[in-house]
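Below are the chains, spelled out letter by letter.
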Amino acid sequence: MPLVTLREVLGAAAAGGYAVGAFNCNNMEVLQAIAAAAEAERSPVIVQFSPGAIRYAGLEYLAAMARAALRQVTVPVVLHLDHGTSYEQVIQCLVAGFSSVMIDASHLPLEENLALTKEVVKAARAVGASVEAELGRVGGVEDEIAVAEREAFFTDPDEAAHFVEQTGVDALAVAIGTAHGRYRGEPRLDFERLSHIAAQVKVPLVLHGASGLATEAVREAIERGIRKVNIDTDIRQAFVGRLRRELLDHPDELDPRRPLGAAREEATEVIRAKLRLCGSSGKAIGV
Ligand code: G3H
Ligand code: 13P
Ligand code: ZN
């Protein structure tokens, strides 16, 4: 299956009222789990590599693994840079064959976020790739900020509409109360804000930090306009948790393929469940 763009899969998701899962990956086993899950669910899927993944595995390895995975699946796959930090990094990923990039300049003042995002859109357009940007700040749970302070970083609907019009991005990541990593308490999402953003912004919206949310919360977010659901921590927990159990239960095992293979199976099941939650199972045709 050839690579498809974020614009294509999210356009179909918007028309069908569902979302597409975007799964982070740092190694071969998790990539295989993503591919196997999408194939089993007959679902489009977004494979995303973060700058941390690129530092860990190397861009060439990741891109080559993704090409191998693509050759083996028959469902549409988007190859996406997650939280790209610079113009140079975006260009490297486009050259490596990514069909989509995120430029995350959300920590910069609005005008600088706008300017950098516009440059990225220009470069991505030249090779037919899509662009996701972020407005507002989706922090990490480790960021020690109180809820009231966090709300100051939530996405403003008017600003979002202006940002999307000015930059021409294909998807927008919004800050509505989610955070990256494991939640300490029950996350409270600002659904009204999400609806206001969706009413004003013409492109599909992205939910970062979707691990650990209640299934009803994810469903409601999708009902209100989320079309891309980013998941990393829940996969890490399944993969590393199973790996840890396997190593503890079989202290004499010397073949790394056994614990890694078991962890891969565990990750596959978690990803399949996320695809079903997104409502994208069976939607591989017609993208
Ligand atoms: O949103 C961030 C992703 O969970 C990637 O995390 O920077 O540790 O690769 P990472
Ligand atoms: P989680 O690790 O909280 O699932 O967040 C993933 C994410 O937003 C990747 O961009
Ligand atoms: Zn994220």
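Below or above, wherever it landed, is the structure these notes cover. What you see is a predicted model, and the numbers here were worked out from it, not measured in a lab.

**Some points on the coordination of the zinc ion (ligand 3)**
Reasoning step 1: Of the protein atoms, only His83 (NE2), His180 (NE2) and His208 (ND1) coordinate the zinc ion (ligand 3), at distances of 2.0 to 2.1 Å.
Reasoning step 2: Residue His83 is classed as buried on the basis of its relative accessible area, which comes to 16%.
Reasoning step 3: On the basis of relative accessibility, which here comes to 26%, the residue His180 falls in the partly exposed class.

**A look at the nonpolar core**
Reasoning step 1: Counting residues in hydrophobic clusters, the biggest one holds 78 residues, and the most contacted among them are Phe49 and Leu172.
Reasoning step 2: The element best represented in this core is helix H2 (residues 28-41), accounting for seven residues.
Reasoning step 3: Beyond its immediate stretch of four places on either side in the chain, Leu172 contacts Ala133, Glu134, Leu135, Ala160, Phe163, Val164, Val203, Pro204, Leu205 and Val206.

**Observations regarding the site of ligand 2**
Reasoning step 1: As a matter of local geometry, ligand 2 sits amid 15 residues, with Asp82, Gly209, Ser211, Asp232 and Thr233 nearest to it.
Reasoning step 2: Between ligand 2 and Ser211 there is a distance of 2.5 Å, counted from an oxygen atom to a side-chain nitrogen or oxygen.
Reasoning step 3: About the coverage of ligand 2: the protein hides 96% of its 310 Å² of free accessible area.
Reasoning step 4: Its residues placed into classes, the shell around ligand 2 shows three nonpolar, ten polar and two charged.

**Details of the site of ligand 1**
Reasoning step 1: Inspection of the region around ligand 1 gives Asn24, Ser50, Asp82, His83, His180, Asp232 and Arg236 as its neighbouring residues.
Reasoning step 2: Separating an oxygen atom of ligand 1 from a side-chain N or O atom of His180 is a distance of 3.1 Å.
Reasoning step 3: One nitrogen or oxygen atom from the side chain of Asp232 is found 2.7 Å from an oxygen atom belonging to ligand 1.
Reasoning step 4: In isolation ligand 1 exposes 310 Å². Once the protein is present, 66% of that is buried.
Reasoning step 5: Partitioned by chemical class, the residues of the shell around ligand 1 number no nonpolar, four polar and three charged.

**What about the environment of His180?**
Reasoning step 1: Following the sequence through the fold, His180 ends up in the loop between strand E6 (171-174) and helix H9 (191-200).
Reasoning step 2: In this structure, the C-alpha to C-alpha distance between His180 and Gly209, residues 29 residues apart in sequence, is 4.2 Å.
Reasoning step 3: A polar atom in the side chain of His180 sits 3.2 Å from the side chain of His83.

**What to know about the pairing of strand E3 (residues 77-84)**
Reasoning step 1: The element E3 is extensively covered by neighbouring structure, given that eight of its eight residues are classed as buried.
Reasoning step 2: Pairing of strand E2 (residues 45-49) with E3 involves five bridges; the strand directions are parallel. Paired with Val45 across the strands is Val77, a residue of E3.
Reasoning step 3: Alignment of E3 against strand E4 (residues 100-103), held across three bridges, turns out to be parallel. The partner of Gly84 across the bridge, within E4, is Ile103.
Reasoning step 4: Crossover handedness for the path E3 to helix H5 (residues 87-95) to E4: right-handed.

**Considerations on the packing of aromatic side chains**
Reasoning step 1: Under the counting rule described, the total for this entry stands at one aromatic pair.
Reasoning step 2: When the ring centre of Phe153 is taken as origin, the NZ or CZ atom of Arg137, which lies over that ring, is 5.4 Å away.

**Concerning H9**
Reasoning step 1: Within H9 the residues assigned to the buried category are Phe191, Leu194 and Ile197. On an axial view of H9, the arc spanned by its buried residues comes to 115°, and they lie on one face. Facing away from the buried side of H9, by more than 90 degrees, are the exposed residues Glu192 and Ala199.
Reasoning step 2: Of the surrounding secondary structure, the elements contacted by the buried residues of H9 are helix H8 (157-167), E6, strand E7 (205-207), helix H10 (215-223) and strand E8 (226-231).

Calculation notes
Residues numbered from 1 in each chain as written. Chains lettered and ligands numbered in written order. Predicted model: local features only at pLDDT ≥ 70, side-chain atom pairs only at ≥ 80, totals over all residues. Heavy atoms only, no water. Donors = N, O, S within 2.8 Å, 3.2 Å for Na, K, Ca; no water. Buried < 20%, exposed > 50% of the residue type's maximum accessible area, 1.4 Å probe, protein only. Core = buried A, V, L, I, M, F, W, Y, C linked by side-chain atoms within 4.5 Å. Helix = DSSP H or I, 4+ residues; strand = E, 2+ residues; numbered from the N terminus. Contact = heavy atoms within 4.5 Å. Near = heavy atom within 4 Å. Polar contact = N/O pair within 3.5 Å; in protein donor to acceptor, adjacent residues only side chain to side chain. Areas by Shrake-Rupley, 256 points an atom, 1.4 Å probe, with all protein chains shown as cover. Nonpolar A, V, L, I, M, F, W, Y, C, P; charged D, E, K, R; others polar. Pairing = 2+ DSSP bridges. Right-handed = clockwise from strand over helix to strand, strands pointing away. Phe/Tyr/Trp six-rings, centres within 6.5 Å; stacked < 30°, edge-to-face > 60°. Lys NZ or Arg CZ within 6 Å of the ring centre and 35° of its normal. Arc of directions from axis to C-beta.

Shape is all these values report; function is a separate question.
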